[in-house]
Amino acid sequence: MHTDDYDGSGSGSGGDGRQAVPRTGTDTGTDARTGAGAGPEPVVRGHGQGLGQGPVVLVTGATGTVGGEVVRALPTRLPAGMGMGVRVMARDPARAAAMFPGVEAVAGDYTDPPSLASALRGVRTAFLVTARVEGDDDAAFVAAARAAGVRRVVKLSAAAVLDPGADDLITRRQRAGEETLRGCGLEWTLLRPRAFMSNSLSWAASVRRERTVRALYGSAPNACVDPRDIAEVAARALTEEGHAGHAYTLTGPQALTAVEQTRQLGRLLGIPLRFEELTVAQARTALAGRFPPPLVEALLASAERQRAGAKAHVDDTVHTLTGHPARTFHDWARDHIKAFTPAPEPDPTVAPAPDATPDPVATSTPPSAPAGTVTRRPTL
C-alpha cells in the first residue's frame with residue numbers, strides 16, 4: 001500500500017474493477033487490515049514454465065492492480081529463444097491461475113519462509129509488491145530471494161517517498177522497504193508511481209447510479225498514472241539490462257483534479273455528471289469503516305499534501321523508458337468506460353411497476369445540461 005493510492009474520495013482504490021478501498025494486503029491475498037488469511041495452497045501449474053525448468057520471472061501481487069498488468073505485459077518483453085517463463089506467486093494460486101491461463105501459479109506468503117523458498121526456485125528476476133504496514137515483508141522476501149540466487153528485484157514503491165512533507169506511517173514503511181532492497185546485495189530497481197488512474201473506478205457505482213462523483217479536495221491536482229504504463233516499465237526492468245540501481249518516478253502526462261476527471265468521464269459517457277466535494281469529516285468516516293486509525297490518518301495526510309500541490313509534478317520517465325508518451329486519463333477512461341456506464345434510463349412514457357421505487361437523485365441534474373458538465377454543490 002502507498003498513500004499515493006488515495007484519490008481523496010473517502011474510499012480509495014487499486015484497480016481491476018474491484019476497487020473500494022486503497023490497496024493494502026489485497027495484492028497478496030491478505031486481509032486489508034491485518035494481513036491475516038488462510039495458509040498457502042499447493043502449487044497450481046499452468047501450461048507454461050514449470051518449477052526448475054529454466055530461468056523464471058516471478059511476479060508477486062499478480063491478482064492486484066499493477067501486478068496483473070505486469071503479467072500481461074511480460075510476454076512481449078521476454079527474450080526469444082531463452083526459454084524464460086513467467087510465474088505468479090499468490091496466497092490463492094487457483095485464483096491467479098484462473099486469471100492468467102497458461103501462466104504458472106504458486107502459493108506464497110511473506111510470513112512463510114518455506115513457501116517463499118519454493119516460489120523463488122529457479123527465479124532470475126522478481127517483481128515485488130508489499131502492502132502490509134505491519135511486519136517486514138520486504139526483508140522476508142529479499143532474504144529468500146538472496147538465498148535462492150535471484151539476480152534482480154524490481155520493487156513497486158511510491159512517489160510519496162520523495163515528498164519532503166510525507167511522514168505518515170505508509171510512506172515511512174515504503175522508505176524502509178526501499179532501504180532494505182538497496183542494502184540487500186542484489187540488483188535492484190525501484191518504481192515510484194503517483195496515484196493510479198484506476199483509482200477512479202471507486203467512483204463507478206455512484207456514477208452509474210447517481211451520475212455523481214464524490215471526493216475530498218476536488219480542485220487538488222494529481223499527476224496520476226495509468227497502471228499499464230507502470231507495468232510496461234516494470235516488464236522492461238525485469239527483462240532488460242541497464243536498470244539496476246535506478247529509481248524511476250512514474251507519472252501521467254498532466255496533473256488533473258477530481259473535477260477535471262469528472263468532466264472527462266461525463267464527456268466520454270455523453271451525460272452530465274455532478275461533483276460533490278466531501279468534507280474531511282465525511283472522508284474520515286468513510287475510511288474509518290475499513291481501516292484502523294493510523295492508516296486513516298495517513299491517507300488523510302496524503303490528501304492534504306495533494307491539496308498543497310505535492311502531487312502535481314509531471315515526470316517524463318514513462319516516455320523515456322518506453323518510447324511512447326504516458327497514457328492520458330482520457331485514454332484510460334475510454335478503455336474502461338463500461339465500468340462507469342449507467343443503465344439506460346426508463347422510458348418516461350411508460351408507467352413504473354407498482355412496486356418500483358423512484359431514484360431519489362434521478363432528477364437532481366437538469367436534463368438539458370450538456371455532456372461533460374460538472375455541477376458542483378456541497379454534499380448533503
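Calculation criteria
- Residues numbered from 1 in each chain as written.
- Predicted model: local features only at pLDDT ≥ 70, side-chain atom pairs only at ≥ 80, totals over all residues.
- Heavy atoms only, no water.
- Salt bridge = Lys/Arg side-chain N within 4 Å of Asp/Glu carboxyl O.
- Helix = DSSP H or I, 4+ residues; strand = E, 2+ residues; numbered from the N terminus.
- Buried < 20%, exposed > 50% of the residue type's maximum accessible area, 1.4 Å probe, protein only.
- Pairing = 2+ DSSP bridges.
- Core = buried A, V, L, I, M, F, W, Y, C linked by side-chain atoms within 4.5 Å.
- Axes fitted to C-alpha atoms, helices over the stretch in contact; angles between N-to-C directions.
- Parallel < 35°, antiparallel > 145°, perpendicular 65-115°, else oblique.
- Contact = heavy atoms within 4.5 Å.
- Nonpolar A, V, L, I, M, F, W, Y, C, P; charged D, E, K, R; others polar.
- Right-handed = clockwise from strand over helix to strand, strands pointing away.

Novice: How should the pattern of salt bridges be read in this particular structure?
Specialist: For the structure shown, the criterion picks out 28 salt bridges. The partner of Asp331 in a salt bridge is Arg334, and the shortest N-O contact between them spans 3.5 Å. Remark: Arg334 and Asp331 occur in helix H12 (residues 329-335); sequence separation between them is three residues, near one turn of the helix. Residue class for Arg334 comes out partly exposed when judged on its relative accessible area of 42%. Taken together, the salt bridges that share partners define one network made up of Asp226, Arg228, Asp331, Arg334 and Asp335.

Novice: Can you walk me through the pairing of strand S2 (residues 85-90) in this structure?
Specialist: Each regular strand displays side chains that alternate between the two surfaces of the sheet. Burial runs high along S2: six of the six residues are buried. Here S2 shows a buried face lined by Gly85, Arg87 and Met89 and a second buried face lined by Val86, Val88 and Ala90. Pairing geometry for strand S1 (residues 56-60) and S2, over five bridges, is parallel. Counted as the bridge partner of Leu58 is Arg87 from S2. Relative to strand S3 (residues 104-107), S2 is paired through four bridges, and the arrangement is parallel.

Novice: Sorry, what's going on with the nonpolar core here?
Specialist: In summary, soluble globular proteins display a tendency toward joint burial of nonpolar side chains. With 37 residues, the main nonpolar core has Val59, Val70, Leu74, Val88, Phe127, Leu191 and Ile230 as its most contacted residues. Residue assignment for this core shows that the elements contributing at least two residues are S1, helix H1 (65-73), S2, helix H2 (93-99), strand S5 (152-156), helix H7 (227-239), strand S8 (246-250) and helix H11 (317-322).

Novice: What's the story with the packing of helix H5 (residues 169-182) against helix H10 (residues 293-307) in this structure? I'm lost.
Specialist: Axis angle and axis distance: for two packed helices, these are the angle between their axes and the distance between the axes, and together they describe the pair. Packing of H5 against H10 brings their axes to within 7 Å, and their N-to-C directions diverge by 90°. One way to sum up the angle between H5 and H10 is to call them roughly perpendicular. Packed against H5, whose contacting residues are Leu169, Ile170 and Thr171, the element H10 presents Pro294, Leu295, Ala298, Leu299 and Arg305 at the interface. Residue composition of the contact of H5 with H10, by class: six nonpolar, one polar and one charged.

Novice: In this structure, what is going on with the pairing of S5? I would like to understand it.
Specialist: Burial analysis of S5 places five of its five residues in the buried class, the great majority of the element. Side chains Arg152, Val154 and Leu156 project from S5 onto one buried face, and the interleaved Val153 and Lys155 project onto a second face that is buried too. As a crossover connection, the stretch from strand S4 (residues 123-128) through helix H4 (residues 137-148) into S5 is right-handed. Bridge analysis of S5 against strand S6 (residues 187-193) gives five bridges, and the strand direction is parallel. Across the sheet, the residue bridging to Leu156 is Leu191, located in S6.

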